[in-house]
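Below, each chain spelled out in residue letters.
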Amino acid sequence: MHPHRKIVILIAILLLAFLSKGQQQDGSVLERRVTLRIQDQALEYILAQISWQAGVYFSYDASIVNSEKKCSVEAENKSLFTVLNQLFDPAKYSLIERENQVIVSLKPDEPETNVAITDSIPLKYFFLSGKLVEDRKGKPVPYASVSVFNQPIGTISNSDGEFLLKLHPDHINDTVVISSMGYAQILLPAYKLLDEDLFILKPISIRIKEVTVTAISAQKLLENIRNNLERNYTAHPRLMTAFYRETVKQDGAYINVSEAVLEILKSPYVNTFRSDLVRLIKGRKSPDVQPFRWLNFKLQGGPFTIVQLDVVKTMESFISKAFESSYKYEVSRVILYHEEPVYVLTFTPASADVFPGYIGEMYVHRESFAIVHASFRFNKGSLNEAVSFMIRKKPPKVKARPTYVQYSVNYQQYQGKWHLSSAQASVKFKIRSKRDRLNSEFHSVSDLLITNIQPTDLKRFSGDERFSRDDVFVEKLGQFDEKYWENYNIIKPDEDLRNAFKEK
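Residues numbered from 1 in each chain as written. Predicted model: local features only at pLDDT ≥ 70, side-chain atom pairs only at ≥ 80, totals over all residues. Heavy atoms only, no water.

S.K.: Just give me the short version of the environment of Thr-348, but keep the residues and values in it.
M.R.: You can see Thr-348 is positioned in strand S18 (residues 340-349). The exposure class assigned to Thr-348 is partly exposed, which follows from its relative accessible area of 33%. Sequence separation between Thr-348 and Phe-318 is 30 residues, and the spatial gap between their C-alpha atoms is 8.9 Å. If near-sequence neighbours (up to four positions away) are discounted, Thr-348 is found in contact with Ser-326, Tyr-327, Lys-328, Tyr-358 and Ile-359. (Helix = DSSP H or I, 4+ residues; strand = E, 2+ residues; numbered from the N terminus. Buried < 20%, exposed > 50% of the residue type's maximum accessible area, 1.4 Å probe, protein only. Contact = heavy atoms within 4.5 Å.)

Here it is as structure tokens:
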């Protein structure tokens, strides 16, 4: 080795207890925040200051990095990614992470590189987190989409407006899109999320001159939906990664929180009668899960059931030509949904005899006639009839009646086709039992979020690994673990859920 070509390593003082509150210890060390105000100091000195603050090591080849070069840096609670890209030209240098070490090396296409990484380096994802609030009152914006532009990668904010998006390092320079109905979209490079904790969404007003309302009848709109199914939805199978959460409250208090990462083998939307299949990748449940001995909701068949909420795939009654006469339809208005004009098509049962009788609305993309959102609930008459199929079995002398059944489903476009992106089922029951001295309301909420989509040649999952309609979801899960999810995208738990997961 050339006598001047040596590897220089700065040993950090690992004061991890003093790391800033916003730093993620499970993600990349490049997320860690530092505050620096340094003028005309040697690069070696600056890196030592960063090491002390962030609890990292730096290593580099002295032949390619001049550690005595004078540099200046000002950063107020900025990520290492941002600061190091100021010190090292990202067009010339790579930042390679290994546990608490950052290796600075030349890009592979440069004429020489002297840091050889021969062993396997575990890949660390970026954990991008923050809170979404509205501009005027500062209230949290729940269920907003946080996704990578033109990629099938994303998550949504929780009821507190908080989100956590886990990104492969290859996507850190991609554009992240934050969007919610009624607010202007935010588009920014993913690495910008490393330096911010609060994101303000500004309301947008819709003026009639901005969205030209084209006269169209409800029947014509339904016809256009059906005629464009093949153009709008994929004719090829897809392997989806998804996050699923199922909660049950009794009189407002959690008695069960269960969640899992799933794979969904999504059969083609058109020209097929194959059903979608679901299998468990990993899952967990709250440590104090209580036996649900009064009822067994059909919905609580878990992921298998909520995947059926893909109303386009199942051709739900309010879309199907065969049941069109069972509903009254109206094109009520045109709105902007994620900054795209959509028709709002409302529907109600045509008579009291329709069962199940859904009341709801669909958002129909004005240009493509794709359904991008649907929300629907049982009418009062259907609630009275729902016990027979909502409850699989119940003990004698237990009275149960559903008081609220609400569903919603959303779709997003990827590579020119629309795909299921999220679904939710919310069901409330009144339960009475003199024997058990029980008079309670139970509220079950199931959320499904698609976090990735890939083409696949798979035809089926093996029978022993896939969910069936009769499976009890919570019985398939392990216990709570703080670092359980690794690099899988999830819906970040809100404060109430975090408390529900804590050991009693």
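S.K.: Break down the sheet that holds strand S12 (residues 186-189) for me, with residues and values.
M.R.: Where strands meet in a sheet, backbone hydrogen bonds hold them as pairs that are either parallel or antiparallel. Spatially, the four strands line up as an open sheet ordered S9-S8-S11-S12, and their pairing is antiparallel. The sheet is open, and its two borders are formed by strand S9 (154-156) and S12, each paired with just one other strand. Recorded for the sheet is a direction-independent mean angle of 15 degrees between the axes of neighbouring strands. Two strands pair when backbone bridges link them, and strand S8 (residues 145-148) and strand S11 (residues 175-179) are joined in this way by four bridges, in the antiparallel orientation. If you follow Val-146 over to S11, its bridge partner there is Ile-178. (Pairing = 2+ DSSP bridges. Axes fitted to C-alpha atoms, helices over the stretch in contact; angles between N-to-C directions.)

S.K.: Give a detailed account of the packing of aromatic side chains, specifying residues and quantitative values.
M.R.: Taken as a whole and assessed by the stated rule, the structure comprises 16 aromatic pairs. Ring geometry for Phe-376 and Tyr-407: centres 5.4 Å apart, planes at 50 degrees, overall tilted. Residue Phe-376 is found in strand S20 (residues 371-378), and its partner Tyr-407 is found in strand S21 (residues 399-414); the two are separated by 31 residues along the sequence. The buried category is assigned to Phe-376, whose relative accessible area is 2%. With a relative accessible area of 9%, Tyr-407 lands in the buried category. Ring-pair connections join several aromatic residues into one group, and the members of that group are Phe-318, Tyr-327, Tyr-329, Phe-347, Tyr-358, Phe-376, Phe-378 and Tyr-407. Sitting above the plane of the Tyr-254 ring, Lys-249 keeps its charged end 4.7 Å from the centroid. Here Lys-428 stacks its cationic end above the ring of Tyr-404, 5.5 Å away from the centre of that ring. (Phe/Tyr/Trp six-rings, centres within 6.5 Å; stacked < 30°, edge-to-face > 60°. Lys NZ or Arg CZ within 6 Å of the ring centre and 35° of its normal.)

S.K.: Any details on unusual backbone geometry? Residues and values, ideally.
M.R.: With omega at -10 degrees, the peptide bond leading from Phe-355 into Pro-356 counts as cis. Residue placement: Pro-356 occurs in the loop between S18 and strand S19 (358-365). Even without being a glycine, Asn-77 presents a positive backbone phi close to 55 degrees.

S.K.: I'd like a description of the sheet that holds strand S10 (residues 162-167), backed by residues and values.
M.R.: The strand order across the open sheet built from three strands is S10-S7-S13, with neighbouring strands paired in mixed fashion. At either end of the open sheet lies a strand with only one pairing partner, and these are S10 and strand S13 (198-201). Adjacent strand axes in the sheet meet at a mean angle of 35 degrees, parallel and antiparallel pairs treated alike. Of the strand pairs in this sheet, strand S7 (residues 126-134) and S13 are connected by four bridges, and their pairing is parallel. By the bridge assignment, Lys-131 is partnered in S13 with Leu-198.

S.K.: How would you summarise the pattern of salt bridges if you had to cite specific residues and measurements?
M.R.: Following the criterion strictly, the structure yields twelve salt bridges and no others. Here Arg-37 makes a salt bridge to Glu-76, at a shortest N to O gap of 2.2 Å. Remark: Glu-76 occurs in strand S4 (residues 70-79) and Arg-37 occurs in strand S2 (residues 33-42); sequence separation between them is 39 residues. Linked by salt bridges that have partners in common, Arg-226, Lys-321 and Glu-324 make up one network. (Salt bridge = Lys/Arg side-chain N within 4 Å of Asp/Glu carboxyl O.)

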